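# Descriptive analysis of the structure
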Amino acid sequence: MLLGFVPSALADSLTEHGRALVEVNCARCHAIGKTDKSSHPDAPAFRTLSKRYPIADLEEAFAEGISTGHPDMPEWIASPDQIEAIITYIGSLQQP
C-alpha cells in the first residue's frame with residue numbers, strides 16, 4: 001500500500017524543489033505562480049510556457065544554459081536534478 005504513495009510524494013518533493021529553484025533564479029523577472037504577473041515585460045509567465053513551447057523541450061535549454069529569452073536574461077546552466085525539478089514545477093502550473 002505504501003508504494004501507491006511514493007510517486008505522489010516524490011512528485012510533490014520535485015515540484016517544491018523546482019519552485020524553490022525558480023524563486024531564487026527566475027522570480028525577479030518571471031511570474032512563477034498561478035496568478036502573479038511578470039515584472040519584466042519580455043519575461044513570460046511560467047504558467048503560459050506550454051503555449052509557446054512543449055514543456056519537455058525546455059529540458060535541453062536548461063541543460064545547455066538558456067541564453068535567449070528576454071534580452072537581459074542571465075545565462076544559467078542547471079544540473080540534471082535541478083532540470084527535472086524545474087520541469088516538474090513548470091508542468092504543474094500549465095493551464096489547459
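Above this text sits the structure in question.
Before going into details, it helps to say that this report is about the structure given with it. Computed from a predicted model, the values in this text were never measured in an experiment. (Residues numbered from 1 in each chain as written. Predicted model: local features only at pLDDT ≥ 70, side-chain atom pairs only at ≥ 80, totals over all residues. Heavy atoms only, no water.)

### Here's the deal with the environment of Tyr 89
Locating Tyr 89 in the fold gives a position in helix H3 (residues 80-93). With a relative accessible area of 4%, Tyr 89 lands in the buried category. Linking Tyr 89 and Glu 16, residues 73 residues apart in sequence, is a C-alpha distance of 7.2 Å. In contact with Tyr 89, not counting residues within four places along its chain, are Thr 15, Gly 18, Arg 19, Val 22, Ile 32 and Gly 33. (Helix = DSSP H or I, 4+ residues; strand = E, 2+ residues; numbered from the N terminus. Buried < 20%, exposed > 50% of the residue type's maximum accessible area, 1.4 Å probe, protein only. Contact = heavy atoms within 4.5 Å.)

### Quick notes on the nonpolar core
Ranked by size, the top nonpolar core spans 18 residues in total, and within it Val 22, Phe 46, Leu 58, Phe 62 and Ile 90 carry the most contacts. Secondary-structure elements contributing two or more residues to this core are helix H1 (6-25), helix H2 (58-64) and H3. Among the elements that line this core, the one with the most residues is H3, at 7 residues. Ignoring anything within four residues of it in the chain, the contact list for Leu 58 reads Leu 49, Tyr 53, Ile 87 and Ile 90. (Core = buried A, V, L, I, M, F, W, Y, C linked by side-chain atoms within 4.5 Å.)

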